[in-house]
Amino acid sequence: CEFIDFLRFNVKYMTEIYAQQPPVSGNGVWNRVEQRPLEGFVFALTPFNFTAIAGNLPTSAAMMGNTIVWKPAYTQIYSAQVLMEVFKEAGVPDGVINLIYVDGPTAGDIIFKHPDFAGIHFTGSTGVFQHIWKTIGENIQLYKSYPRIVGETGGKDFVLAHKSADAKAVAVGLVRGAFEYQGQKCSAASRAYIPSNLWEDVKKYMLEDLASLKMGGTEDFTNFINAVIDEKSFDKIAKYIDNAKAAEGVEIIAGGKYDKSKGYFIEPTVILTQDPMYTTMCEEIFGPVLSIYVYNAEHFETVLELVDQTSPYALTGAVFSQDRYAIELASTKLRNAAGNFYINDKPTGAVVGQQPFGGARASGTNDKAGSMINLLRWVSPRTIKETFVSPTDYRYPFLGSDL
């Protein structure tokens, strides 16, 4: 459904882009703007965790007239193949979107040295994106044109509660935001700042909800928690949990267990830390682990600075408050801390056409998937002036002697 929304809204945005023409042409002149595809091909590098995003990355650029080389994550190849079958049945000509299955370094060694490389549409890790950007820069003299670099990368997404917040709403926002899809979202709530006056209630509601969550395979739709994507991810998340168990000033108040004897299952885990700069408050984990710091309820402004400066990322964030002045203050102070900002709601679940998605800082180029902004990155405009009656005398009227 989300991918269908991407396709339909992108057609709408594309139509609006083509309709943007110079307002005035004048007598005997026709001015117009042509939106050309990029001169070359676009490389779409897609993640495992969102089939809709994986479909949008190649199709949004293709829709604007470009030829695409599409490399999905290995853990996403089945859904990528299904999408290609849909494209073919829908009538997309062969050679427009070219799906390849190959290691990233192997693809990159060819693609990023090719003179016709015109751009990359990327969703994945910050480290990989920064390496790609560096590689493009080192090879810049090889290309016909300066490549478009569009990327949505990692996040260390926050939930901040004000002392006036509804404790139950905060708890539900944390459970949903942190543990839907096992926290395997760029937007997943990963760090939370809870005021001391609300903590006991928030904790109680959270533990009640977590106790009722079912964990198991995806075949059973009543299971809220499923397995994480693969063993590499499982081992990484388990290491964070083990380190938290051994750390001073850190307490696991929910979950903390994991088992890969039959599937890579990790319990929803809540870490309470006395140190707001503890590792799991700062580093992206990409799993069902939520870290919480309880602050003095009267120190809201200080915590705003802490939220803004703790992480290099700036993808999503949420503020819960019933105080309009506090909401306004947080919105201003955290203006650059999140590209998608939520008030009294979880920091996940952006809807195409309602909340165009993307973040800045280490979270990417903020070109907003599901918006006109993104489509404009895949065209190169040409301005055309057509004169119907050409001048036949070099002299302008003001050069005459009679003034």
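Description of the structure in this document.

Parameters and conventions
- Residues numbered from 1 in each chain as written.
- Predicted model: local features only at pLDDT ≥ 70, side-chain atom pairs only at ≥ 80, totals over all residues.
- Heavy atoms only, no water.
- Pairing = 2+ DSSP bridges.
- Helix = DSSP H or I, 4+ residues; strand = E, 2+ residues; numbered from the N terminus.
- Axes fitted to C-alpha atoms, helices over the stretch in contact; angles between N-to-C directions.
- Contact = heavy atoms within 4.5 Å.
- Core = buried A, V, L, I, M, F, W, Y, C linked by side-chain atoms within 4.5 Å.
- Buried < 20%, exposed > 50% of the residue type's maximum accessible area, 1.4 Å probe, protein only.
- Parallel < 35°, antiparallel > 145°, perpendicular 65-115°, else oblique.
- Left-handed = near helix turned anticlockwise from the far one by under 90°.
- Nonpolar A, V, L, I, M, F, W, Y, C, P; charged D, E, K, R; others polar.

### Observations concerning the sheet that holds strand 2 (residues 41-46)
Phase 1: Sheet architecture is open: five strands sit in the order 4-3-2-5-6, paired in parallel fashion. One side of each edge strand has no neighbouring strand; the edge strands of this open sheet are strand 4 (97-99) and strand 6 (148-152). Ignoring strand direction, the axes of neighbouring strands in this sheet form an average angle of 15°.
Phase 2: Inspection of the sheet shows strand 5 (residues 117-123) paired to strand 6 by five bridges, in the parallel sense. Paired with Phe122 across the strands is Gly151, a residue of strand 6.
Phase 3: Relative to strand 5, helix 5 (residues 126-138) is tilted by about 170°, and along the sheet it contacts strand 2, strand 5 and strand 6.

### Some thoughts on the nonpolar core
Phase 1: Membership of the largest hydrophobic core comes to 31 residues, with the highest contact counts inside it found for Phe6, Met64, Ile68, Trp70, Phe87, Ile97 and Trp378.
Phase 2: Counting residues per element, the ones that place at least two in this core are helix 1 (2-19), strand 2, helix 2 (51-63), strand 3 (67-72), helix 3 (77-90), strand 4 and helix 12 (372-376).
Phase 3: In terms of residue count, helix 2 provides more of this core than any other element does, six residues in total.
Phase 4: Residues contacting Phe6, with those up to four places away along its chain left out, are Ala52, Ile53, Asn56, Val352, Ala369 and Gly370.
Phase 5: Ala161, Ala192, Ala254 and Ile292 belong to the second largest nonpolar core, which has 28 residues in total.

### Topic: the packing of helix 1 against helix 2
Phase 1: Interhelical geometry of helix 1 versus helix 2 gives an angle of 25° and a closest axis separation of 9 Å. Classified by the interaxial angle, the pair formed by helix 1 and helix 2 is roughly parallel. In this structure, the crossing between helix 1 and helix 2 has a hand that is right-handed. Touching Glu2, Phe3, Phe6, Leu7, Asn10, Val11 and Met14 of helix 1 are Ala52, Ile53, Gly55, Asn56, Thr59, Ser60 and Met63, all from helix 2.
Phase 2: Among the residues making up the contact of helix 1 with helix 2, the classes are represented as eight nonpolar, five polar and one charged.

Keep in mind these numbers describe shape, not what the thing actually does.
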